[in-house]
Amino acid sequence: MKLTLPPRVSPQQFGAALKAYEGVVGKDWVLATDDDRDAYSDLYAPGSEERWPASAAVAPASAEEVQAIVRLANQYKTPLWPVSRGKNLGYGQAAPRMAGSIVLDLSRMNRVLELDPVLGYCVIEPGVSFFDLYEHIEREKAPLWMSVPGNGWGSVLGNALDHGIGYTPYGLHARNLCGLEAVLPDGDMMRTGMGGMDKNPAWHLFPLSYGPDWTQMFSQSNMGVVVKAGLWLQPEPDTSLQLSLDIPKEEDIGWVIDTIAPLKISGLIEQNVFIPSWLGKLVVLGQRKDFWDKPGAIPEWRVQELLKEHKLGYWKAQVRLYGDEGVNKAKAEVIKAAFKRHIDTPMHEEWWRRGDPRSQFDLTLGVPTATPLQMGDWVGGRGAHLGFSPVVPATSTHILGQLRRSRKIIADHDVDFYASFTIGGRFANNINMLMYDRDNDAQVQNMKRLFTALITETAAARYSEYRTHLGWMDAVGDTLAFNNHAQRRLNEKVKDAIDPNGIIAPGKQGVWPSVYRSVAKEGRA
């Protein structure tokens, strides 16, 4: 990828900045060739990856090096785009929102600094992947489990900061963060919560603070660079019981939600319950051409044939219980009775007991995997996906309304329908996977129109996404329009106050510093 300079930075200024960065991290860790820029591009980009180009990358190995880089970035006016590991597939990977930004690659900072098996937490750096943390826990034989998303290569900390979700009782990952260490946009460092007192042993245990708590200021934001964080882990249960059931009809998702959500809210079900549609099971069995080799969305008559051929329901409901065996048995009876009011098919039961191996393909057991990424190969070619991810109240009225709305929009664009709902209690994340071949320009253009339509029409129904791809960050931000975009205006005031040079991640989540607000329209998909 050819060089794109940051706005208002001359070639001489840029070269001097890279030389200064080399003085901090060494020449080998300032990456500025065409091949280097390719490595930090969005490999799932809807269109040319050159729409969101990095100018270079710099990879520090310590918090002190991050501080030095941030100070130099202010000196040379070279904006930084921090990434933990750069594996945010479907949302932009390591590519920056503003063209020409320098990627601040934190993947070398990959230490597990502390693991407490008694109080159930760890302290990690941004470069620690889900695989890394899992292997560390296994080596230490600590009786602790993780909560994992579908991409085990990703950063544990990065995923939590970007509001990623998992499928255990600890599945709302941002909620597991407790006690952050962050480098501010001027190179200063702060600690959130009880970390405001040096060597406070409750730093990673008490989730609040004395006075205002700034933890969420660094979550999905461009207000600083998190270089260390405490993360709560789930104690290993004595047993775990999974209840699973194929749900036959599309409209059945309404009563399924109305059955599970109250049990989740009451605490009887502890985990985030993931309910994928049939295509979520089919994508790991082969490519689209193996099931339907014609253009356009798979027609409904063929969908019904596939469900029969592969013995699938339209949805798959799986509820997992954790803890004492007697308690799990009692809870299971309540859940089975609740489902029996709507369907006669008995739920399949599968037990895990302490000492049993855990399946590497079961995210609800806290084992990281990359298997779900196989969906990227569904359409063939240079496969990619986008995730359209609104949040809706967990009731049948809201769920069915959003389902029908997105279903129609996706059908109008002649794209395969692959939806899921993850019930987090009072809310559900509705993730719609949109898969396409990057080498097929007609598919790419159609996907861009589809994604924009989904944002626009879903916002008209008063729902918003909880995360999105680089190209639509501003569009989603535009939908949060209460009181003349009061949230955005406050974010911009804070951004300009603590980052007057706009150094940290300009444009992230649609928050632009005043110095770069004039280029905000560039890079919109």
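A brief report on the enclosed structure follows. Quick caveat: nothing in here was measured; it's all calculated off a predicted structure.

## Examining the pattern of salt bridges
Item 1. Under the definition given, this model contains 33 salt bridges.
Item 2. Residue Lys-19 pairs with Glu-22 through a salt bridge whose shortest N-O separation is 3.9 Å. Pair noted here: Lys-19 and Glu-22 are both in helix H1 (residues 11-25), with a separation of three residues, about one helical turn.
Item 3. Judged by relative accessible area, which is 60%, Lys-19 ranks as exposed.

## Structural notes on the sheet that holds strand E8 (residues 177-183)
Item 1. The five strands lie next to each other as E5-E6-E10-E8-E9, forming an open sheet whose pairing is antiparallel. Each edge of the open sheet carries a strand with a single partner, namely strand E5 (112-116) and strand E9 (189-191). Pairs of neighbouring strands in the sheet enclose a mean axial angle of 10°, with direction left out of account.
Item 2. The pairing of E8 with E9 spans three bridges and is antiparallel. Residue pairing for E9: Val-183 is matched across the bridge by Met-189.

## Section: the packing of H1 against helix H3 (residues 63-76)
Item 1. Running from N to C, H1 and H3 cross one another at 165°; their axes reach a closest spacing of 10 Å. Between H1 and H3, the crossing angle belongs to the class labelled roughly antiparallel. In this structure, H1 meets H3 at a crossing whose hand is right-handed. Seen from H1, the contacting residues are Gln-13, Ala-16, Ala-17, Ala-20, Tyr-21, Val-24 and Val-25; seen from H3, they are Glu-65, Ala-68, Ile-69, Leu-72, Ala-73 and Tyr-76.
Item 2. Among the residues making up the contact of H1 with H3, the classes are represented as 11 nonpolar, one polar and one charged.

## Observations regarding the packing of helix H6 (residues 253-266) against helix H9 (residues 325-340)
Item 1. At a minimum axis distance of 10 Å, the contact between H6 and H9 shows a crossing angle of 155°. One way to sum up the angle between H6 and H9 is to call them roughly antiparallel. The two elements H6 and H9 cross, and the hand of that crossing is right-handed. Judged by residue contacts, Trp-255, Thr-259, Ile-260 and Leu-263 of H6 engage Val-334, Ile-335, Ala-338 and Phe-339 from H9.

## Considerations on unusual backbone geometry
Item 1. Unusually for a residue other than glycine, Lys-141 sits at a positive phi of about 55°.
Item 2. Structurally, the position occupied by Lys-141 is in the loop between helix H4 (130-140) and strand E7 (144-145).
Item 3. Residue classification places Lys-141 among the exposed positions, given a relative accessible area of 72%.

## Some words on the state of the cysteines
Item 1. For the structure shown, the criterion picks out zero disulfides.
Item 2. There is no disulfide at Cys-122, and the cysteine sulfur nearest it, in Cys-178, is 11 Å away.
Item 3. Overall, Cys-178 belongs to the buried group, its relative accessible area being 1%.

## Remarks on the pairing of strand E6 (residues 121-124)
Side chains on a regular strand alternate between the two faces of the sheet.
Item 1. Along E6, one buried face is formed by Tyr-121 and Val-123 and the opposite face, lined by Cys-122 and Ile-124, is buried too.
Item 2. In the sheet, E6 pairs with strand E10 (residues 225-232) via four bridges, with the strands oriented antiparallel. The partner of Cys-122 across the bridge, within E10, is Leu-231.

Calculation rules
Residues numbered from 1 in each chain as written. Predicted model: local features only at pLDDT ≥ 70, side-chain atom pairs only at ≥ 80, totals over all residues. Heavy atoms only, no water. Salt bridge = Lys/Arg side-chain N within 4 Å of Asp/Glu carboxyl O. Helix = DSSP H or I, 4+ residues; strand = E, 2+ residues; numbered from the N terminus. Buried < 20%, exposed > 50% of the residue type's maximum accessible area, 1.4 Å probe, protein only. Pairing = 2+ DSSP bridges. Axes fitted to C-alpha atoms, helices over the stretch in contact; angles between N-to-C directions. Parallel < 35°, antiparallel > 145°, perpendicular 65-115°, else oblique. Left-handed = near helix turned anticlockwise from the far one by under 90°. Contact = heavy atoms within 4.5 Å. Nonpolar A, V, L, I, M, F, W, Y, C, P; charged D, E, K, R; others polar. Disulfide = S-S within 2.5 Å.

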